[in-house]
Amino acid sequence: MLLGIQLGTVGALAARMRQLQIVDNERYALLAEENRVNIRLIPPARGLIYDREGRALAVNRQNYRIVMVREQARDPEAILDRLGRIVVLAPEARERALKEMAARSAFVPVVVAEHLTWDDVVRVSANAPVLPGVIAEVGLSRFYPDAYSTAHVVGYVGPVSEKDLAAIEDPDPVLQIPRFQIGKTGVEQRLETELRGQAGNMRIEVSAGGRVVRELGRVEGTAGKDIQLTIDKGVQNFAMQRMAGESASAVVIDVTNGDIVALASSPGFDPNSFVFGIGSTEWNALLGDEYRPLSNKAVSGAYPPGSTFKMVVALAALDAGLVRPGDGVNCPGFTALGNRRFHCWKHGGHGGVDLRRSLAQSCDCYYYEMARRVGPDGISAMARRLGLGMRHDLPMPAVSEGLMPDAAWKAANRDEKWTTGDSFNYGIGQGFTLASPLQLAVMAARVATGTDVAPRLVRAVGGEPAPLAAPQALGVEESWLRRVRDGMYAVVNDGGTAGRSRIADPTMVMAGKTGTSQVRIITAAERAAGVTRNEQLPWNRRDHALFVAFAPYDRPKYAIAQIVEHGGGGSAVAAPVARDILLRALYGELPPLSAYPPDQRGAAEAMMKGLKPLPETDPAEDVRSRA
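Residues numbered from 1 in each chain as written. Predicted model: local features only at pLDDT ≥ 70, side-chain atom pairs only at ≥ 80, totals over all residues. Heavy atoms only, no water.

Draft legend 1. Looking closely at unusual backbone geometry. Looking along the chain, the bond that leaves S266 and enters P267 is cis, with omega of 0°. Mapped onto the fold, P267 is located in the loop between β12 (260–266) and α12 (272–276). In this model, A551 is joined to P552 through a cis peptide bond whose omega is -15°. Residue placement: P552 occurs in the loop between β20 (544–551) and β21 (558–564). Residue S362 is not a glycine yet carries a positive backbone phi of 55°. (Helix = DSSP H or I, 4+ residues; strand = E, 2+ residues; numbered from the N terminus.)

Draft legend 2. Summary view of the pattern of salt bridges. The final tally for this structure, using the stated rule, is 32 salt bridges. Of the charged contacts, one joins E369 and R372 as a salt bridge, the two residues approaching to 2.5 Å between their closest N and O atoms. Of this pair, E369 and R372 both sit in helix α17 (residues 364–385), three residues apart, which is roughly one turn of that helix. The exposure class assigned to R372 is partly exposed, which follows from its relative accessible area of 44%. Overlapping salt bridges, with partners in common, bring together R46, R142, D172, E188, E192 and R196 in one network. (Salt bridge = Lys/Arg side-chain N within 4 Å of Asp/Glu carboxyl O. Buried < 20%, exposed > 50% of the residue type's maximum accessible area, 1.4 Å probe, protein only.)

Draft legend 3. The arrangement of the side chain of H566 in detail. Structurally, the position occupied by H566 is in the loop between β21 and α23 (570–587). Reaching out from H566, the side chain makes a polar contact with the backbone oxygen of R542 at a distance of 2.8 Å. (Polar contact = N/O pair within 3.5 Å; in protein donor to acceptor, adjacent residues only side chain to side chain.)

Draft legend 4. Expanded view of the pairing of strand β17 (residues 458–461). Pairing of strand β10 (residues 227–229) with β17 involves three bridges; the strand directions are antiparallel. In the sheet register, L229 faces β17, and the bridge partner there is V458. Sheet analysis places β17 next to strand β18 (residues 464–465), joined by two bridges and oriented antiparallel. Counted as the bridge partner of A460 is P465 from β18. Taken together, β17 and the strand that follows it, β18, pair antiparallel across an intervening segment of two residues, in which G462 is found at a positive phi of about 60°. (Pairing = 2+ DSSP bridges.)

Structure follows, in structure tokens:
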């Protein structure tokens, strides 16, 4: 009996050993492997951003940084004190590192300082014996070489926040890496998925306590895709230089394919400040600047288009058969509506004006009459055909839709009926009407070509050309478009309001339209006493100055929209700036003095010599100066 019990026990043990070692061998081997091998993600290299000529707008640079392992340091505060005597360590960085170390496991490395120089790394390495737990590493960091010029277009990156993660339905695991950076605004934000790439991984052996023993292998990730924009860096930089000192924006579009050659908003800002950690002083200065440097005025700004809107009203009236180009309208200086007068900008009036002269002289009374005949619905419909009142599909945040109101809009939003006075204001681009510089540039491009030119900002993604749809006809009779273009030609070249901004080179002749939009109400008492001049008003109560144009007149290549916030008159302020930017795009370099009228060449030469280089930022210097 005892022998039987012994044999049974041995047999049971043998059977169990066979089950564990042979039958379930693979299962338990896998469990053991998972217990001692961890997988860690390797951040991918972010895709680069280039202009249309392949010049870098956003690059990756080596980022030397210092990390600390709390369990090896034993006394982190004391070690940080020593480290602070070797490299610059900002107080806020020190406090952040201590909080992160307290919140994480003792063996997890925490970033203490980054964006250091090689000299900093050498000093830390030389003092390694007295800095236990301190390790120097190298990674990649974003850098924007043309910081102030392209900040609004390219945008910037920053560390992933809880808000960012909450907004993503199925977050990529790589976003969980501490201090991992993603696009926060501009193209960086809207093309984040393409730019981010795919993370790699490494297999590391860890002890029972979770400490790293050795690296067993790695699989490198896939770098993000490079993005090529339609922006011309040279034209963009020139536009920013030309608008320096103003709150302004300019948009230049290639009318043949919709490529946005320049999308400039002044003043700019340094996106590297956000990558490297912006200080409170710099942040408060940006927020408090009345010129709003953080706002992308080119696509987000919405302004009354003023007289640049008159081409829309003219085409609406022509298309509806409510006027012929030669029909005259008398302008005595005002149009009466009941006991109220709607004034023309010219106090004594223009007398008899037809379509061409109404555009050349920007006669308000002519467009009061056209707006009365067409009505809000007809004007709104033509505006949308010309690209206004719609949100254009660009990889940019906060692209403005503008506002092209009609009778139904006012009933729904103001609970009021549309009035003839509303139509009068609509006719001169005032009242409820709003448009962005981008939309006005599209409008000018469509008038110039007679096609539905659509703006495009991305030229290629990962080396693959972006889709390009062939523009289709607007459906507006070509003869009417020719009449409006002729009126725009007269604005610049035949005694019109922008005569001082004409181009002397006969192969580059420009056609355009000036605009001045009010931001305040002029009372009857002020008008009777004499309207206060813009330069006598506080800056934020002055009129906006606008100008739209295309060139060359006989074979259009580029269209431009220019706005100078509170700049005053469009003819005196906006038109000269737009002309210079358009010439820079047409010539592909600084234009020759022969492109200017003889009596303006001295001023043009002084302007070009006075252009100040845009500031560039060295990341290491920037970090040290803020610290």
